[in-house]
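# Notes for the structure review
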Amino acid sequence: MTMKMTIEQFQRAFAVAKKDLLIYFLKGPTIIFGLLLPSFLFVAFAIGRDLSVDFLIPGLLGMTLFFTTSAVGPVIAPWETRMRTFERLVSTPIALWGIILGDIIASFAFGLVITLIVLAVGVVLLGIQVITLHLLVGTGIAAFCFSSLGLVISSPPTSDPSQIMMLSTLIKFPLFLISGIFIPLTEMEGARVISFMSPLTYYVDLARFSVQETSYFSPSVNLAALAGFTILLCVTAISLHKKNLNRRF
Amino acid sequence: MNMVDVFDLTKVFNSLKAVDSISFTIKKREIFGLLGPNGAGKTTTIRMLTGILTPTTGSAVIGGYDIQKNPLQAKQLMGIVPEMANAYIDLSPLQNLLLMGELYGIKDKREKKARELLLLFGLHEKAHHKVRTLSRGMHQRVIVAMALMNDASILFLDEPTSGLDVESTRLIRDIIRRSKDNGISVLLTTHNISEADQLCDRIAIMNYGRIVAIERPERLKRVVESSTSIEVAFSEKVEKEELLFEDVNKIEQKGDKFRLYTDRPENVIPAVVAYADATQNKVISLNTLGPDLEDVFLRLTAGESNGSRNGNDDENDH
């Protein structure tokens, strides 16, 4: 593929992202799993417990970014398979990786906007200084990483969104529970090794460093781990969708 | 150069051979029809030609580009109307057309082209309504307009008029004819034999994944010349067996009409008139009918329908 064609493919991926933004952000599963669920979880976690705001904010950030960015991706592929619009997209001159990238960009944008709102509320209402360069860069990488996870989850060739949402819950909740949101990594002891398998772990650790100036890993290690997971999940999403493409129709 | 060259294209789903080693070409400015019953493999063929499905074996070249090796270049030349309606129902017709424009890399004249198509298809007043609020006919018009957005060199139209109202059907047929005048090739699949007869330069008849004939419609009709028939209706009730005159090969009753199949209509017509006189009955209508494409279709597909096929036989049109 020439450079010109590659640039065109990126432009077309943005067209797919724009379409996703117009269509999918008001769909029920996105609202429920992307906004309501993390809000309820956070309230349930925080109310009635004597936890400091410094401890709560990194968890809230991690939870918001994780659930919002990974909420849209799983909805798109089964929905479009059912509506036969995926077939329409595949028949146009955009490579499959361009379609997947478009979906990831849309999820990324959705998650990032919501998380930045949470961040702004934290700064303005609670007066907490959380914005550091590491956190900003980490939030961008993590948003891309969790969006790619959403696209990995949506790869089974079904036309039933509820099946993918069930799979999504099965994968996301264990990751969420082992990522140091409720219990800091330093206090996990034996279970700590398991937490290293979740990309969310590194983002929450990065956020703790920004707020509390203490973390298990250094910011550079967290950023590198997030970047590694992003590449791995993005490549996995594209290969799985490619492998399952014929079975969608 | 042909617009489409298909070589030994085969698609196997598990053990089922949906398309079995088909080959054909489509010339520039040609309307090529794919005719066949449900499950014949028409839609699978179109999906392979448009790069949606990967063939099990064989290849297809669209405008000089192999659909497997250079899919993006090949797809750039195509306009597609898939079998099932699939515009984005949460977007407006205008948004759907603009999206197609972006996906085909149309930059400067995207909106102008979209608005021209909306006007052509009588959709301009609904340009900003969501597609989900449009009628089926309007919805299908949006889909055909989407296929024309990129000034394609070849149109793949999978049952484009199926289930539509008369006005929409006529409009889409006019667009197909006009496309040919503008130098565009068309691959049309249809169940509607008269539509294929009216529109197509050549027709391939498919059955059980195989092409059983490719010819011009008039030549195909000659395949079954012996199916000339006389259609007659009487004023009074008549029993079918009474019309079994000499030279009548077969009789079919269709409502109050009888269709008498014969190789010698010049002998059967006087016999019908003589029968009416003798029984004091009146002939209300009498028509001599040549073989039509339906006869050809039934003749060519009948031999295969009792035969077996690899895998099970209850395949839907994939």
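Residues numbered from 1 in each chain as written. Chains lettered and ligands numbered in written order. Predicted model: local features only at pLDDT ≥ 70, side-chain atom pairs only at ≥ 80, totals over all residues.

### Some remarks on the overall build of chain B
Going by this rule: Elements are defined by DSSP. Helices are runs of H or I of four residues or more, strands are runs of E of two residues or more, and each kind is numbered from the N terminus. For every residue, the other C-beta atoms within 10 Å of its own C-beta are counted; 20 or more classify it as buried, 12 or fewer as exposed, and values in between as partly exposed. C-beta atoms are placed from the backbone. By the convention adopted here, residues make contact when the C-beta atoms placed from their backbones lie within 7 Å.
Scanning chain B for helices and strands turns up ten helices and 14 strands. With respect to the principal axes defined by its C-alpha atoms, chain B has extents near 75 × 45 × 35 Å. Per-residue burial over chain B gives 42% buried out of 318 residues. Counting contacts in chain B only where the partners sit at least 6 residues apart, residues at least 24 apart contribute 71% of the total.

### Quick notes on the pairing of strand β12 (residues 248-254) of chain B
This is how it is decided: Strands are treated as partners if at least two bridges between them are detected by DSSP.
By the bridge criterion, six bridges tie β12 of chain B to strand β13 (residues 257-262) of chain B in an arrangement that is antiparallel. By the bridge assignment for β13 of chain B, Lys250 of chain B is matched with Tyr261 of chain B.

### Considering the sheet that holds strand β4 (residues 57-62) of chain B
All names here are of chain B. For clarity, the threshold we go by: Between N-to-C directions, angles span 0 to 180 degrees; the directions come from axes that are lines fitted to C-alpha atoms, helices contributing only their stretch in contact.
Reading across the sheet, the four strands line up as β2-β1-β4-β5 and stay open at both edges, with antiparallel pairing between neighbours. The open sheet is flanked by β2 (16-26) and β5 (65-66), the only strands paired with a single partner. Two elements, strand β1 (residues 4-13) and β2, share seven bridges in a ladder whose sense is antiparallel. The residue of β2 that forms the bridge with Asp5 is Thr25. Of the strands in this sheet, β1, β2 and β4 touch helix α1 (residues 42-49), which is tilted by about 120° from β1.

### A look at the sheet that holds strand β9 (residues 202-207) of chain B
Strands in a sheet are paired, the pairing made by backbone hydrogen bonds, and the direction either parallel or antiparallel. Residue and element names in this part refer to chain B. The strand order β6-β7-β8-β3-β9-β10 describes an open sheet built from six strands, whose pairing is mixed. A single partner strand is all that each edge strand has here, and the edge strands are β6 (78-81) and β10 (210-215). Between one strand axis and the next, the sheet turns through 15° on average, direction left out of account. Bridge count between β6 and strand β7 (residues 154-158): four bridges; the pairing is parallel. Paired with Gly79 across the strands is Leu155, a residue of β7. Packed on one face of the sheet, helix α5 (residues 136-148) meets β6 and β7 and runs near 170° to β6. Relative to strand β8 (residues 185-190), helix α6 (residues 166-181) is tilted by about 150°, and along the sheet it contacts β3 (31-35), β7 and β8.

### Points about the interface of chain B and chain A
Counting residues at the interface gives 22 residues for chain B and 20 residues for chain A. Where the side of chain B that touches chain A is concerned, the elements lending two or more residues are α2 (71-76) and α3 (93-103) of chain B.

### Side note on helix α9 (residues 265-278) of chain B
Note that an α-helix has 3.6 residues per turn; residues three or four places apart therefore point the same way. The cut-off we apply is this: Here, expected helix span is obtained from the residue count minus one, scaled by 1.5 Å.
With 14 residues, α9 of chain B ought to run about 20 Å at 1.5 Å a step, and its terminal C-alpha atoms sit 20 Å apart, in line with that. With its phi angle positive at about 50°, Gln280 of chain B sits one or two positions after the end of α9 of chain B.

### Description of the environment of Pro71 of chain B
You can see Pro71 of chain B is positioned in helix α2. The spacing of Pro71 of chain B and Leu49 of chain B is 22 residues in sequence and 9.9 Å in space, taken between C-alpha atoms.

### Looking at the domain arrangement of chain B
Our working rule: Domain boundaries shown here were taken from an automatic or database domain assignment.
If you check the domain split of chain B, you get domain 1 (4-222) and domain 2 (226-290). The centre of domain 1 of chain B, based on its C-alpha atoms, is set 42 Å off from the matching centre of domain 2 of chain B.

### What to know about the nonpolar core
Let me state the cut-off plainly: Note on terminology: a nonpolar core is a set of buried residues of type Ala, Val, Leu, Ile, Met, Phe, Trp, Tyr or Cys, with members joined through C-beta atoms within 7 Å.
Counting 139 residues, the largest nonpolar core has Ala145, Ile154 and Leu187 of chain B as its most contacted members. Looking at this core, the element that brings in the most residues is helix α3 (residues 53-82) of chain A, giving 13 residues. Setting aside anything within four residues of it in sequence, one finds Ile154 of chain B in contact with Met3, Val4, Ile62, Gly63, Leu77, Met78, Ile184, Ser185 and Leu187 of chain B. With nine residues, the next largest nonpolar core counts Ile230, Leu243, Val248 and Leu260 of chain B among its residues.

### Structural notes on unusual backbone geometry
Residues and elements named next belong to chain B. In this model, Asn14 sits at a positive phi of 50°, which is unusual for a non-glycine residue. The class of Asn14 is exposed, set by 6 C-beta atoms lying within 10 Å. The phi dihedral of Tyr208 is positive, around 50°, even though this residue is not glycine. Inspection of the secondary structure puts Tyr208 in the loop between β9 and β10.

### Structural notes on the pairing of β10 of chain B
Residue and element names in this part refer to chain B. Relative to β10, β9 is paired through five bridges, and the arrangement is antiparallel. Residue pairing in the sheet places Met206 in a bridge with Ile211 of β10. Hairpin connection between β9 and β10: a loop of two residues separates the two successive antiparallel strands, and Tyr208 in this loop has a positive phi of roughly 50°.

### Considering α6 of chain B
All names here are of chain B. Rules: Taking the helix axis as origin, the arc is that swept by the directions to the C-beta atoms.
Look at α6: 23 Å from first C-alpha to last across 16 residues, which is about the 22 Å you get at 1.5 Å a residue. For α6, the set of buried residues is Ser168, Leu171, Ile172, Ile175, Ile176 and Ser179. Axial view of α6: buried residues confined to an arc of 140°, hence all on one face. Among the exposed residues of α6, those oriented more than 90 degrees off its buried face are Val166, Glu167, Arg170, Asp174, Arg178 and Asp181. Positive backbone phi, approximately 85°, marks Gly183, located one or two places after α6.

### Side note on the packing of α3 of chain A against helix α6 (residues 133-153) of chain A
Residues and elements named next belong to chain A. Heads up, the condition is: If you view the pair so one helix is near and one far, a crossing is left-handed when the near helix is turned anticlockwise from the far one by less than a right angle, and right-handed when it is turned clockwise. In this classification, Asp, Glu, Lys and Arg are treated as charged, Ala, Val, Leu, Ile, Met, Phe, Trp, Tyr, Cys and Pro as nonpolar, and every other residue, Gly included, as polar.
It is at 7 Å that the axes of α3 and α6 come closest, and there the two elements cross at 40°. As for the relative orientation of α3 and α6, their crossing is right-handed in sense. Across from Leu65, Phe66, Thr69, Ser70, Val72, Gly73 and Pro74 in α3, the residues of α6 making contact are Thr139, Ala142, Ala143, Phe146, Ser147, Leu149, Gly150, Leu151 and Ile153. Here the residues of the contact of α3 with α6 are counted per class, giving ten nonpolar, six polar and no charged.

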